[in-house]
Amino acid sequence: MTTMSYIQAITSALDNVLAEDDRTLIFGEDVGKNGGVFRATEGLQEKYGEDRVFDTPLAESGILGLSVGLSATGWRPIPEIQFSPFTFESTDSIAGQLSRNRFRTAGDVTQPVTIRTPYGGGTHTAELHSDSIEHLFTGVPGLRVVTPSNAYDAKGLLVSAIENNDPVLFLEHLRLYRSEKGDVPEDIYRVPLDTAAVVREGTDITLVTYGAMVRESVAAAEKLAADGISAEVIDLRSLSPIDTDTIFASVDKTSRLVVVQEAQNIAGVAAHVVSEVAENRILSLEAPIGRVSAPDSVYPFAVDEHAWLPDATTIEAKAREILSY
């Protein structure tokens, strides 16, 4: 066990799977000698060679097209897309091919592709670098969408994703890369893909969230605790499929719910969680469900992003509103 940052845990996971499985391949823009734009693959080409870790042209459609063919012929590709909105260039491969081919072939062909890509705001990046577009992919049947909120889960979930026979969109939050640290085993281990985690237990209200908003929700829960309010915080970890059993058990206990996402309010994971609880646990609720999200606007320029993004203060305010209903 050693202390690792979120991105170091990602690198450790990649190192472990490359060592264990000769069928794993890493490729993308500048992932070889340079180790990727965020250095997530640093040192891996030198260790495993250019046949296992290699650069591609600046062409996301080509990166994912290559992944379709390789995975159908026995390889386990781990392509990197430098920023999640760049997946727009490869959506046909993801939603039209990777996610459907196992169904099309009645399971004869699997597509074990793990698409690693950073997302999320708070780091003053350029336009089309910080957007949270996970909701565009959580509605694609056959595609798993996973996003860890801490270093331990980052490694364990990535290993599980790579070993899974379904295509996985593995989202890594930019703001967590070097700000989130924790104790992580150096050896390989796995965290189940389809289970949410109760990161803070409570009895008065449930906060359901994911990604960087887990840390903000825990901070909000600590502020509430100062006034004797016990908030339970659930980290979804898997956005598709969602572990509704963990959410339902918490709502049955607390009777109040706030769902938090960094993405805009108009659509997304939070809306799906709200509908699941409304359909299946309406009689457990003692107040309307609260929702915290970014405004329904284009992601702002860097100078304004901190005013635009949800934070612990907005989460705390919404929780108090629901508690006072």
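Just above, that's the structure.
These notes cover the structure that comes with them. Everything numeric in this text was worked out from a predicted model, so none of it was measured. Here, residues in each chain are numbered from 1, in the same order as that chain's written sequence. Predicted model: local features are reported for residues with pLDDT of at least 70 only, side-chain atom pairs are reported and counted for 80 or more only, and whole-chain, interface and lining totals are derived from all residues. Each side-chain value is worked out from all heavy atoms of the structure, with water and hydrogens disregarded.

## Some points on the pairing of strand β13 (residues 257-264)
Sheet faces and side chains relate simply in a regular strand, where the side chains alternate between the two faces.
Turning to step 1, where the next piece is worked out: Most of β13 sits inside the fold, with eight of its eight residues counted as buried.
Turning to step 2, where the next piece is worked out: Pairing between β13 and strand β14 (residues 290-294): four bridges, direction parallel. By the bridge assignment, valine 259 is partnered in β14 with arginine 291.
Turning to step 3, where the next piece is worked out: Running through helix α10 (residues 269-280), the crossover from β13 to the neighbouring parallel element β14 is right-handed. Any residue under 20% of the maximum accessible area for its type is buried, any over 50% is exposed, and the rest in between are partly exposed; the area is computed with a 1.4 Å probe on protein chains only. Note on conventions: DSSP H or I runs of at least 4 residues are helices, E runs of at least 2 residues are strands, and numbering of each starts at the N terminus. Any two strands with at least two DSSP-identified bridges between them are counted as paired. The handedness of a crossover follows from its direction of travel: if, with the strands pointing away from the viewer, the path from the first strand over the helix to the second runs clockwise, the crossover is right-handed.

## A closer look at the pattern of salt bridges
Turning to step 1, where the next piece is worked out: Here, a salt bridge means any side-chain nitrogen of Lys or Arg that lies within 4 Å of a carboxyl oxygen of Asp or Glu. In the structure shown here, the tally under the stated rule is 20 salt bridges.
Turning to step 2, where the next piece is worked out: One salt bridge connects aspartate 21 with arginine 23, and the closest N-O pair in it is separated by 3.0 Å.
Turning to step 3, where the next piece is worked out: You can call aspartate 21 buried: its relative accessible area is 19%.
Turning to step 4, where the next piece is worked out: We classify arginine 23 as partly exposed; its relative accessible area is 40%.
Turning to step 5, where the next piece is worked out: A salt bridge links arginine 320 to glutamate 316; the shortest N-O distance between them is 3.1 Å. With arginine 320 and glutamate 316 both in helix α12 (residues 312-323) and four residues apart, the pair spans about one turn of that helix.
Turning to step 6, where the next piece is worked out: Where salt bridges share partners, they join Arg102, Arg144, Asp166 and Asp194 into one cluster.

## What about the environment of leucine 44?
Turning to step 1, where the next piece is worked out: Relative to the helices and strands, leucine 44 is located in helix α2 (residues 44-48).
Turning to step 2, where the next piece is worked out: Overall, leucine 44 belongs to the buried group, its relative accessible area being 3%.
Turning to step 3, where the next piece is worked out: Linking leucine 44 and aspartate 304, residues 260 residues apart in sequence, is a C-alpha distance of 37 Å.
Turning to step 4, where the next piece is worked out: Contact between two residues is taken to exist if any of their heavy atoms lie within 4.5 Å; hydrogens are not considered. When near neighbours in sequence (up to four residues on either side) are disregarded, leucine 44 contacts Leu14, Asp15, Leu18, Ile26, Gly49 and Val53.

## What about the packing of aromatic side chains?
Turning to step 1, where the next piece is worked out: Aromatic pairs are defined between Phe, Tyr and Trp rings, using the six-membered ring for Trp, whenever the two ring centres lie within 6.5 Å; interplanar angles under 30 degrees are classed as stacked, those over 60 as edge-to-face, and all others as tilted. Evaluation of the coordinates by the stated rule reveals seven aromatic pairs.
Turning to step 2, where the next piece is worked out: Between phenylalanine 38 and phenylalanine 83, the aromatic rings sit 5.6 Å apart at their centres with planes inclined by 80°, giving edge-to-face as the arrangement. Placement of the pair is phenylalanine 38 in the loop between β2 (24-28) and α2 and phenylalanine 83 in the loop between β4 (76-80) and α4 (91-98), with a sequence separation of 45 residues.
Turning to step 3, where the next piece is worked out: Phenylalanine 83 gets classed as buried once you look at its relative accessible area, which sits at 7%.
Turning to step 4, where the next piece is worked out: Linked through ring pairs, Tyr6, Phe38, Phe83, Phe86 and Tyr177 together constitute an aromatic cluster.

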